[in-house]
Amino acid sequence: MPSSPFDSKTIYQAIWNADQQQNGVPAILQSDADVSTSLKDNSRGYVIVNEAEDFTKDTKVLSEVLIPETKKKTYDLCENLFNNYVLKSSRSEDTETETPEETVEINTFITAIIDTEPMRIAREYLAPDQSSDEEWFTTIREMWFTTFAIPSAKNRSGFEHVFVGEDTGKLGGYHFWYKYYLDDGAGKIDGKDAMDYFGAKYGRSAAENEEGRSVPEVITLAHVWDAYGTPDDEGDDLNKRIGGFWVGCSPEGLIALGMARFKDEKSGSTRAVINNAEYELKLFSDVDRRKASNEDKVAKHINTFYPIFKGRVAGTDTGDAVVEPPKPPVDPNPEPDTGDAVVEPPKPPVDPNPEPEHQQCCNVQ
């Protein structure tokens, strides 16, 4: 059986690097871009990250995005899938049906990403013994796009939860930076802003939030999404008291990172170092509980996947990284079915300078 040259300490940086060399785009702090315009390389593209300490609900956290046409294909194919999902379907008793047109869209997207470099590395790590492209295609589809049922959601797929977001009474999932960018208005033709921003949520203290804001590749934030397009009715807005996502990875980059973490779930590894920042990688997988046998109860579907920023690391050795300073403990009891550990209160107040959170500092939902 072939063996992978990667292990749980090296695979995530390898995928990130490969993605940045292809369709990923560099994340750049607003403060750095303001000092040096040369950082904005039009040939590579970029994302300017503005987690301003002084903010309003209309602050554009992803203040400027350029994805070159040579990199845009998989983003467009991914965006085509967003309208395939009904927000409330996860709580419906009815099974969400995949139409023939949606099947074509999903298969077209998988075909476009399957041979990209980050996906090649993920395949080498996750399934080095798979002999055919057909097997690998099926693995991607089953892990990310096949719907399954759990007690809290009758119709869920990993792609829907992680990339699109769900109405679970609040905002469930929603861990793809490009989706946030589109919903925040800047990426839409009509410019409609459906997102309110309520500040960085990296930790309990100002120092922890300052450290998190210094790393452009990740955002941890509170936000509220007007998912139903009813600006005059805040009652149906979806609140995310603490959420987050990596910034700058392509759709296939995030797919590949999740698949690598799916393998590591079985080995117990949950930490990764990317660009000298350490993350706890939260992933829950599941079986389809609509089925009687579930093939020995082996989990085949990604339920949720997201990073929790733990801190900058000392030095560049990603194998034995040390976090400075130590972080307060994460809530040890996340909800395993949804990845949304705490039932949160309604929409946070529109306060331009909210006090730091004191209860769920690192528990991204």
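Note: the structure precedes this text.
Cut-offs used in this document
Residues numbered from 1 in each chain as written. Predicted model: local features only at pLDDT ≥ 70, side-chain atom pairs only at ≥ 80, totals over all residues. Heavy atoms only, no water. Helix = DSSP H or I, 4+ residues; strand = E, 2+ residues; numbered from the N terminus. Buried < 20%, exposed > 50% of the residue type's maximum accessible area, 1.4 Å probe, protein only. Contact = heavy atoms within 4.5 Å. Areas by Shrake-Rupley, 256 points an atom, 1.4 Å probe, with all protein chains shown as cover. Pairing = 2+ DSSP bridges. Axes fitted to C-alpha atoms, helices over the stretch in contact; angles between N-to-C directions. Phe/Tyr/Trp six-rings, centres within 6.5 Å; stacked < 30°, edge-to-face > 60°. Parallel < 35°, antiparallel > 145°, perpendicular 65-115°, else oblique. Left-handed = near helix turned anticlockwise from the far one by under 90°. Nonpolar A, V, L, I, M, F, W, Y, C, P; charged D, E, K, R; others polar. Polar contact = N/O pair within 3.5 Å; in protein donor to acceptor, adjacent residues only side chain to side chain. Core = buried A, V, L, I, M, F, W, Y, C linked by side-chain atoms within 4.5 Å. Salt bridge = Lys/Arg side-chain N within 4 Å of Asp/Glu carboxyl O.

## Considerations on the overall build of the protein
Part 1: Within the protein, the secondary structure is distributed over eleven helices and 13 strands.
Part 2: Of all 365 residues assigned to the protein, the portion counted as buried reaches 56%.
Part 3: Partitioning the intrachain contacts of the protein with sequence separation of at least 6 by distance along the chain shows that 69% fall at a separation of at least 24.
Part 4: As displayed, the protein has an accessible area near 15500 Å², and 50% of this comes from carbon and sulfur atoms.

## Focus on helix α5 (residues 117-126)
Part 1: Across the ten residues of α5, seven count as buried, placing the element largely inside the fold.
Part 2: Within α5, the full set of buried residues consists of P118, M119, I121, A122, R123, Y125 and L126.

## Here's the deal with the environment of D133
Part 1: Within the secondary structure layout, D133 lies in helix α6 (residues 133-144).
Part 2: Sequence separation between D133 and I114 is 19 residues; the distance between their C-alpha atoms is 8.6 Å.

## Examining unusual backbone geometry
Part 1: Phi angles above zero are rare outside glycine, and N275 is one such case at about 50°.
Part 2: By secondary structure assignment, the location of N275 is in the loop between β11 (271-274) and β12 (277-286).
Part 3: Judged by relative accessible area, which is 30%, N275 ranks as partly exposed.
Part 4: Here the phi dihedral of N276 falls at roughly 65°; this positive angle occurs in a residue that is not glycine.
Part 5: Within the secondary structure, N276 sits in the loop between β11 and β12.
Part 6: Look at N276 and you get partly exposed, because its relative accessible area is 28%.

## Re the sheet that holds strand β3 (residues 62-66)
Part 1: The mixed open sheet is built from three strands, whose spatial order is β1-β2-β3. Sheet topology places β1 (27-29) and β3 at the edges, where each strand pairs with a single neighbour. The sheet shows a mean angle of 20° between the axes of neighbouring strands, direction not considered.
Part 2: Here strand β2 (residues 46-49) pairs with β3 via four bridges, running antiparallel. When the sheet's bridge partners are listed, V47 is paired in β3 with V65.

## Quick word on the packing of aromatic side chains
Part 1: All chains considered together, the criterion is met by 22 aromatic pairs.
Part 2: Pairing W246 with Y279 gives two aromatic rings, centres 5.6 Å apart and planes at 75°, and the pair type is edge-to-face. You can see W246 sitting in strand β10 (residues 238-246) and its partner Y279 sitting in strand β12, a full 33 residues away along the chain. We note that W246, like Y279, is buried.
Part 3: Ring-pair connections join several aromatic residues into one group, and the members of that group are Y75, F82, Y85, F109, W144, F145, F159, F163, F176, W177, Y178 and Y181.

## Concerning the sheet that holds β10
Backbone hydrogen bonds hold the strands of a sheet together, and the pairing may be parallel or antiparallel.
Part 1: Here we have three strands laid out as an open sheet, ordered β8-β9-β10, and antiparallel in their pairing. The open sheet is flanked by β8 (195-200) and β10, the only strands paired with a single partner. Averaged over all neighbouring strand pairs, the angle between strand axes comes to 35°, with direction disregarded.
Part 2: One ladder, built from four bridges, connects β8 with strand β9 (residues 218-225); its direction is antiparallel. Along β9, the bridge assignment pairs A200 with L221.

## Section: the packing of helix α4 (residues 100-113) against α6
Part 1: Running from N to C, α4 and α6 cross one another at 120°; their axes reach a closest spacing of 11 Å. Viewed along their axes, α4 and α6 adopt a mutual orientation that is oblique. In this structure, α4 meets α6 at a crossing whose hand is right-handed. When α4 is examined against α6, the residues T103, I106, N107, I110 and T111 are found in contact with a partner set consisting of F137, I140 and R141.
Part 2: In terms of residue class, the contact of α4 with α6 is built from four nonpolar, three polar and one charged.

## Things to note about the side chain of Q13
Part 1: Topologically, Q13 is positioned in helix α1 (residues 11-21).
Part 2: Taking the relative accessible area as the measure of exposure, Q13 reaches 14% and is therefore buried.
Part 3: At a separation of 2.8 Å, a polar atom in the side chain of Q13 contacts the side chain of N17.
Part 4: Ignoring any residue separated from it by four or fewer positions in sequence, one finds Q13 in contact with V273, I274 and N275.

## Some details on the nonpolar core
Part 1: In terms of nonpolar packing, the biggest core is built from 83 residues, with L62, W144, F159, F163, W177 and W246 touching the most fellow members.
Part 2: In terms of residue count, the dominant contributor to this core is helix α10 (residues 251-267) (seven residues).
Part 3: Filtering out sequence-adjacent residues up to four positions away, L62 remains in contact with V47, I48, V49, W177, Y180, Y181, I219 and V247.

## Quick notes on the pattern of salt bridges
Part 1: This structure, assessed with the given rule, holds 13 salt bridges.
Part 2: The partner of D76 in a salt bridge is K72, with the nearest N and O atoms 2.7 Å apart.
Part 3: Residue classification places D76 among the partly exposed residues on the basis of a relative accessible area of 32%.
Part 4: Between R156 and E166 there is a salt bridge, and its shortest N-O distance comes to 2.8 Å. In this pair, R156 sits in strand β5 (residues 153-156) while E166 sits in strand β6 (residues 166-167), placing the two residues ten residues apart along the sequence.
Part 5: The network of salt bridges with common partners includes K60, D184 and D193.

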